[in-house]
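Here is what each chain is made of, one letter per residue.
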Amino acid sequence: MVIEPFQLNAFNDNGINISTTAVIADTDPVPTEKIFVVEHISGVFVVGQNDIPDAIWAYDDTNRQNIYLPIHFASRPLNFGGTFGVGKYHQFGSPVTMYVQSPLKLHIRGDANSAGRISAYFVGRLESTT
């Protein structure tokens, strides 16, 4: 068996002039005739300076695989401008096990009183379905 390392990324910025309580980012689809075995997820979630993340979780298009991710630390306050103003990056990540078959996508969602942007890295390997 040949191990084929693989990674998908997701990013979404709600914008500095939008006030929202959730931000969701999507990956590209898993390559044709492959299963993506996700082994680790990490990233950052930006929330308002005086807020904390309520939850950060990853899921696939079927919504049968939901992985809640722990937060490790927050950055110093940073000015993002606009009506969003000052916020902090909250770094998250954990080893996981997810099996995502082509052509499904992965999603990352962060909830907080003021959700600004989220970016995530899904790392693992591809296995053939044929």
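Coordinates for the structure precede this section.
Quick notes on the rules
- The numbers attached to residues start from 1 for each chain and follow its sequence in the written order.
- pLDDT decides what is reported in this predicted model: residues at 70 or higher carry local features, side-chain atom pairs at 80 or more are listed and counted, and totals for whole chains, interfaces and linings draw on all residues regardless.
- As a rule here, side-chain values come from all non-hydrogen atoms in the structure, and water together with hydrogens is ignored.
- The pairing criterion for strands is at least two bridges between them, as found by DSSP.
- Counting from the N terminus, the helices are DSSP H or I runs at least four residues long and the strands are E runs at least two residues long.
- Helix axes are fitted only over the stretch in contact, all axes being lines through C-alpha atoms; the angle between N-to-C directions runs from 0 to 180 degrees.
- Two rings from Phe, Tyr or Trp (for Trp, the six-membered ring) form a pair when their centres are within 6.5 Å of each other. A pair whose planes differ by under 30 degrees is stacked, one over 60 is edge-to-face, and the rest are tilted.
- Each residue is placed in one exposure class: buried if its accessible area under a 1.4 Å probe, protein chains only, is under 20% of its type's maximum, exposed if it is over 50%, and partly exposed if it falls in between.
- Grouping buried Ala, Val, Leu, Ile, Met, Phe, Trp, Tyr and Cys residues that are joined through side-chain atoms within 4.5 Å yields what is termed a nonpolar core.
- Between Lys or Arg on one side and Asp or Glu on the other, a salt bridge is scored when a side-chain nitrogen of the former is within 4 Å of a carboxyl oxygen of the latter.
- Any two residues having at least one pair of non-hydrogen atoms within 4.5 Å are treated as being in contact.

Notes on the sheet that holds strand E4 (residues 55–60)
Point 1. The sheet built from 4 strands is open, its strands ordered E2-E9-E4-E5 with antiparallel pairing. The open sheet has two edge strands with one neighbour each: strand E2 (22–26) and strand E5 (66–68). Sheet twist, expressed as the average angle between the axes of neighbouring strands with direction ignored, equals 20°.
Point 2. For E2 and strand E9 (residues 106–111), the ladder comprises 5 bridges, and the chain directions are antiparallel. Bridging from a neighbouring strand, Val23 pairs with Gly110 of E9.

With respect to the packing of aromatic side chains
Point 1. For the structure shown, the criterion picks out 4 aromatic pairs.
Point 2. Measuring from centroid to centroid gives 5.7 Å for Phe80 and Tyr89, while their planes differ by 65°, and the two rings are edge-to-face.
Point 3. Using a relative accessible area of 17% as the deciding quantity, one classes Phe80 as buried.
Point 4. Through pairs of rings, three or more aromatic residues link up here, namely Phe80, Phe84 and Tyr89.

Some points on the nonpolar core
Point 1. The biggest cluster of nonpolar side chains holds 27 residues, and the ones touching the most others in it are Phe36, Ile41, Ile108 and Phe122.
Point 2. Where this core is concerned, the elements lending two or more residues are strand E1 (4–13), E2, strand E3 (34–48), E4, strand E8 (86–101), E9 and strand E10 (115–128).

Observations concerning the pattern of salt bridges
Point 1. Going through the model one piece at a time under the given rule, you end up with 5 salt bridges.
Point 2. With a shortest N-O distance of 3.3 Å, Lys34 and Glu4 are connected by a salt bridge. With Lys34 in strand E3 and Glu4 in strand E1, this residue pair connects regions lying 30 residues apart in the sequence.
Point 3. For Glu39, the salt bridge is made with Arg125, and the minimal N-O distance between the two is 2.3 Å. Residue Glu39 is located in strand E3, and its partner Arg125 is located in strand E10; the two are separated by 86 residues in the primary sequence.
Point 4. When salt bridges that share partners are traced, they join Glu39, Arg125 and Glu127 into one network.

Examining the pairing of E4
Point 1. Within E4, 6 of the 6 residues are buried, leaving the element largely enclosed by the surrounding structure.
Point 2. Where E4 and E5 come together, 3 bridges link them in antiparallel fashion. Of the residues in E5, the one forming a bridge with Trp57 is Tyr68.
Point 3. Connecting E4 to the antiparallel partner E5 that follows it, the hairpin turn spans 5 residues, and Asn63 within it adopts a positive phi of roughly 60°.

Things to note about the environment of Gly124
Point 1. Relative to the assigned elements, Gly124 resides in strand E10.
Point 2. Gly124 sits in the buried class, given a relative accessible area of 8%.
Point 3. For the pair Gly124 and Ile3, spaced 121 residues apart in sequence, the C-alpha to C-alpha distance is 9.8 Å.
Point 4. Ignoring sequence-local partners within four residues, the contact set of Gly124 consists of Glu4, Pro5, Phe6, Phe36, Val37, Val38 and Glu39.

Considering the pairing of E8
Point 1. Relative to E8, E3 runs antiparallel, the two sharing 13 bridges. Bridge pairing links Gly43 to Phe92 in E8.
Point 2. Judged from the 3 bridges that link them, strand E6 (residues 71–74) and E8 form a sheet pairing that is antiparallel. Each residue of the ladder has a partner; that of Ala74, found in E8, is His90.
Point 3. The pairing of strand E7 (residues 78–79) with E8 spans 2 bridges and is classified as antiparallel. When the sheet's bridge partners are listed, Leu78 is paired in E8 with Gly87.
Point 4. Where E7 folds back on E8, the antiparallel hairpin that results is connected by 6 residues, among which Gly81 adopts a positive phi of roughly 80°.

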